[in-house]
Amino acid sequence: GIPSLYEAYSGYFPIGAAIEPFQTSGLKANLLKKHVNWLVAENAMKPVSLQPTEGIFNWTQADQLVEFAKANNIEVRFHTLVWHSQVGDWFFKDNEGKPMVDETDEAKREVNKKLLLERLDTHVRTIVSRYKGDIKSWDVVNEVIEPADPGGMRASEWYKVTGTEFIETSFRVAREAGGPDIKLYINDYGTDDVAKRDRLYELVKEMLDKGVPIDGVGHQTHINMNWPPVSSIIESMEMFAGLGLDNLVTELDMSLYVWNDHNDYGEEIPEQILQKQADRYRELFEAFKAHKDIISGVVFWGIADDHTWLSTFPITRTEAPFLFDKQLHAKPAFWAVVDPA
Ligand code: XIL
C-alpha cells in the first residue's frame, strides 16, 4: 500500500482537507481517514450555513462533519465565523428592513452599528459555545484586507457599518465564549502580496496593541504553477511570526494554469505537467518543513481532483490541484511531498 500523508508529516505539522459533509462516506471517507488528521468544512460552517435566518441555527451538516471526525480521531478546524460572502442578508438590514449601508442619518447609523455588533456577538458566541469542546482552531474573520479599497480594508457591509470594530468584537467574543485554549486566526488570500501583507500586518499589530486576542494568521495559499514564489509565502509567515503569531496554511490548492491562461489540458493531463506540479509541490513542502517552527498546520482546500472549487470558475478547463487524481489515486505530486528525495 501507499504511505499515509499525515503520518509522513507527523514530525512537522497536521495535514488537513476541506470537505463537504457528503464526502464522509464511501471511498472518499477511506482516503480521508488514511491521509489527513485535520478536517475543515468547505461550506457547512460558513455564516449563511449556520445561521441562514436570524435566530435559526442549522447544525445538521456541521455536526455530521464533527461526528465523522471524532469517530476517526481527526481534528476539525473551524471556517469561518465572519465573512463578507456566504452570509445572510438579514445581518445588514435595519429594523425597518432597509440596508444599513444606505443609512445617511448619523444617529441612525449609530443605532445600526450597535445592532449589527449585537447580531455578530450572538452569532459568534452561540457557535463557539457549541463547538469549543470539539474544535481548537478557528478562522474568526476571513478576507478583511483589500489594498484597492479605502484604507486598505475590504469595503464589505461589515466594514461600512462598523469600521474595524467587527473584527475586534469577533475576536473578543470568540475568546470570551471559547476560553484560553482555543486558537483564533485571521484568514486571507494573497498574504504574500506585499501591499496586502503589509496592510494585514499593520491591522494585526494595531489589534494586538489594543489587546484583541489574535493567535495567528491563516494563509489561504490558492496558488498556481508559476505564482507566487515559495520564498514570498515564507517571508510573509516570518513577518507574522515576528509578532509572536502562529501561521497556518488554510486552503492550499495549485491550479495548473496561470490566471486567465485559457490553455485547457483536458482530461488527459500531460505527464510533463503533472511532473512540473510535483516539483513545485516538493519545493513548497520542503520550505514548510524547514519552517515547521512557525507553521502549525497545512490544510488543502479539498483532497482529490474530482472535487475542487476551481472548477466552478467561469473559465472551463480541467483543474487538477491536489495530490490525488479523480480516481483518488496518488499523483506524482503525492510522491514528491511524501518522499521528496
Ligand atoms: C469556496 C467553496 O470552496 C465553494 O464551494 C463555495 O461555492 C465558495 O467558497 N476562500 C475561502 C473559502 O475562504 O471559503 C472559499 O470556499 C474559497 C476561497
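Below is a short write-up of the structure. None of the values given here were measured: they were computed from a predicted structure. (Residues numbered from 1 in each chain as written. Predicted model: local features only at pLDDT ≥ 70, side-chain atom pairs only at ≥ 80, totals over all residues.)

1. Some details on the packing of helix α5 (residues 106-131) against helix α7 (residues 165-178)
Then step 1. Where α5 meets α7, the closest approach of the two axes is 9 Å, and the angle between their N-to-C directions is 35°. Considering the relative orientation of α5 and α7, their crossing is right-handed. Residues Leu117, Leu120, Asp121, Val124, Arg125, Val128 and Ser129 of α5 lie in contact with α7, whose contacting residues are Glu165, Phe166, Thr169, Ser170, Val173, Ala174, Ala177 and Gly178.
Then step 2. For the contact of α5 with α7, the per-class residue count stands at 8 nonpolar, 4 polar and 3 charged. (Axes fitted to C-alpha atoms, helices over the stretch in contact; angles between N-to-C directions. Helix = DSSP H or I, 4+ residues; strand = E, 2+ residues; numbered from the N terminus. Left-handed = near helix turned anticlockwise from the far one by under 90°. Contact = placed C-beta atoms within 7 Å. Nonpolar A, V, L, I, M, F, W, Y, C, P; charged D, E, K, R; others polar.)

2. Points about the pairing of strand β9 (residues 295-300)
Then step 1. The element β9 is largely enclosed, with a buried count of 5 among its 6 residues.
Then step 2. Of the strand pairs in this sheet, strand β1 (residues 15-19) and β9 are connected by 3 bridges, and their pairing is parallel. Its bridge partner being in β9, Ile15 is matched across the sheet by Val298.
Then step 3. Bridge count for strand β8 (residues 246-255) against β9 is 3 bridges, and the pairing is parallel. Residue pairing in the sheet places Val249 in a bridge with Val298 of β9. (Buried ≥ 20, exposed ≤ 12 C-beta atoms within 10 Å, placed from the backbone. Pairing = 2+ DSSP bridges.)

3. A closer look at the site of the ligand
Then step 1. All residues adjacent to the ligand are Glu42, Asn43, Asn142, Gln220, Glu251 and Trp309.
Then step 2. Grouping the amino acids of the shell around the ligand by side-chain chemistry returns 1 nonpolar, 3 polar and 2 charged. (Near = placed C-beta within 6 Å.)

4. Some remarks on the environment of Ala174
Then step 1. Among the structural elements, Ala174 can be located in helix α7.
Then step 2. Overall, the presence of 25 C-beta atoms within 10 Å leaves Ala174 in the buried class.
Then step 3. Separated by 146 residues in the primary sequence, Ala174 and Ala320 have C-alpha atoms spaced 36 Å apart.

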